[in-house]
Amino acid sequence: MTVSLEVAEGVGTLRLDRPPMNALDIATQDRLKELAEEAARREDVRAVVVYGGEKVFAAGADIKEMQEMDHTAMVLRARALQDSFTAVARIPKPVVAAITGYALGGGCELALCADFRIAGENAKLGQPEILLGLIPGAGGTQRLARLVGPSKAKDLIFTGRMVKAEEAREIGLVDRVVPAGEVYAQAHAWAAKLAQGPALALRAAKESIDTGLETDIDTGLAIERNWFAGLFATEDRERGMRSFVAEGPGKAKFL
């Protein structure tokens, strides 16, 4: 299989494995969607790492496969392409992308679906579709602009240039840069820490932020208000407040 889901310590690792460059062909896209939806459902998965291996995250779509597609074929495929990435973005749990080597085109778009991005010092990210006479088609024009702002997104998309890890951090495309050999370990540690937190509150926080960003402030506040009040019905809220009163902050156990 070109994508696998492995679970340890409450963390599900979505692992791309299509040597040599993890090109995201149709079969890989469909498998990614299937396993992202599985990770969303499984109670033993409380956080997720998206990882392409030690050498490369994902160097983009399978260009040879796309070259054979005409307009009609892509009209029929484009929604499924986007849906495979959106399935990752909508995992209702913390998701971190562990980026080594190239994350280009669809690879960069996949990283954009995570809540947090840890890149190795050897990472290079970009949206080079313009060099093929195309634009990003798996969410890049939308998620990149929302993450780094429209001006920086246009710079990357209009020119198709790659950015190294440090520039990616400076513009907000990645959140942390670490030695290449530590990328997965640090990503897994980040996810494992959050996997010990209150699952429903984390889901509420993610949905409130993500959905709120797509609407006006009053609607966003209503989303937050409803989730906030609803969490008062949960066992985790009772446990968290009871622990705070008895032991002080940060001592509650939610598993």
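Residues numbered from 1 in each chain as written. Predicted model: local features only at pLDDT ≥ 70, side-chain atom pairs only at ≥ 80, totals over all residues. Heavy atoms only, no water.

Another aspect to go through is the side chain of D62. Relative to the elements of secondary structure, D62 occurs in the loop between β3 (47–51) and α2 (63–67). Under the relative-accessibility criterion, D62 is labelled buried at 14%. Among the polar contacts made by the side chain of D62, one reaches the main-chain amide nitrogen of E65 at a distance of 3.1 Å. Filtering out sequence-adjacent residues up to four positions away, D62 remains in contact with R18, A23, L24 and D25. (Helix = DSSP H or I, 4+ residues; strand = E, 2+ residues; numbered from the N terminus. Buried < 20%, exposed > 50% of the residue type's maximum accessible area, 1.4 Å probe, protein only. Polar contact = N/O pair within 3.5 Å; in protein donor to acceptor, adjacent residues only side chain to side chain. Contact = heavy atoms within 4.5 Å.)

Burial analysis of strand β4 (residues 95–99) places 5 of its 5 residues in the buried class, the great majority of the element. A two-sided burial pattern is seen for β4, the buried positions comprising V95, A97 and I99 on one face and V96 and A98 on the other. Pairing of β3 with β4, which is carried by 4 bridges, proceeds in the parallel orientation. Following the sheet pairing, V48 is matched in β4 by V95. (Pairing = 2+ DSSP bridges.)

What follows concerns the packing of helix α9 (residues 199–212) against helix α10 (residues 217–230). Where α9 contacts α10, the two axes come as close as 9 Å, and the packing angle between them is 170 degrees. The orientation of α9 with respect to α10, classified from their angle, is roughly antiparallel. Packed against α9, whose contacting residues are L200, A204, E207, S208, T211 and G212, the element α10 presents G220, I223, E224 and W227 at the interface. (Axes fitted to C-alpha atoms, helices over the stretch in contact; angles between N-to-C directions. Parallel < 35°, antiparallel > 145°, perpendicular 65-115°, else oblique.)

Within the largest apolar cluster, 45 residues are counted, with the highest numbers of intra-cluster contacts made by F57, I99, L125 and L173. Ranked by the residues each element gives to this core, the list is headed by helix α3 (residues 71–89), at 5 residues. Residues contacting L173, with those up to four places away along its chain left out, are C108, L112, R117, L125, L144, L147, V148, L156, V163 and A168. (Core = buried A, V, L, I, M, F, W, Y, C linked by side-chain atoms within 4.5 Å.)

Turning our attention to helix α11 (residues 235–247). Between its first and last C-alpha atoms α11 spans 18 Å; for 13 residues at 1.5 Å apiece the expected length is 18 Å, and the two agree. The complete set of buried residues in α11 reads D236, R239 and S243. Summarising the axial view, the buried residues of α11 lie within an arc of 65 degrees, below the 170-degree limit, and thus occupy one face. Residues of α11 that are exposed and point over 90 degrees away from its buried face: R242 and V245. Of the surrounding elements, those touching the buried residues of α11 are α9. Looking one or two residues beyond α11, the residue adopting positive phi is G248, at roughly 95 degrees. (Expected span 1.5 Å × (residues − 1). Arc of directions from axis to C-beta.)

With that settled, the discussion passes to the packing of helix α1 (residues 26–41) against α3. Between α1 and α3, whose axes approach to 8 Å, the crossing angle comes to 40 degrees. Looking at the two axes, α1 sits oblique to α3. With respect to the hand of their crossing, α1 and α3 are arranged in left-handed fashion. Residues I26, Q29, D30, L32, K33, A36 and E37 of α1 touch α3, and the partners they reach there are R77, L81, D83, S84, A87 and V88. When grouped by side-chain class, the residues that make up the contact of α1 with α3 number 6 nonpolar, 2 polar and 5 charged. (Left-handed = near helix turned anticlockwise from the far one by under 90°. Nonpolar A, V, L, I, M, F, W, Y, C, P; charged D, E, K, R; others polar.)

The next point concerns the sheet that holds strand β5 (residues 102–104). Each strand in a sheet pairs with another by means of backbone hydrogen bonds, the pair being arranged parallel or else antiparallel. The strand order β5-β7-β8 describes an open sheet built from 3 strands, whose pairing is mixed. With one partner strand each, in any of the chains shown, β5 and β8 (162–164) form the two edges of the open sheet. The sheet shows a mean angle of 20 degrees between the axes of neighbouring strands, direction not considered. Pairing of β5 with strand β7 (residues 124–126) involves 3 bridges; the strand directions are parallel.

If the charged atoms of two oppositely charged side chains come close together, the side chains can form a pair. This model, assessed by the stated rule, comprises 14 salt bridges. For the salt bridge of D25 with R18, the shortest nitrogen-to-oxygen distance reads 3.4 Å. For D25, a relative accessible area of 10% translates into the label buried. We note a salt bridge from K33 to E37, for which the minimum N-O separation is 2.8 Å. One end of the pair, K33, and the other, E37, are both in helix α1, 4 residues apart, so they sit about a helical turn from each other. Classification of K33 as partly exposed rests on a relative accessible area of 28%. Look at E37 and you get partly exposed, because its relative accessible area is 32%. One continuous salt-bridge network, built from bridges that share partners, spans R18, D25 and D62. (Salt bridge = Lys/Arg side-chain N within 4 Å of Asp/Glu carboxyl O.)

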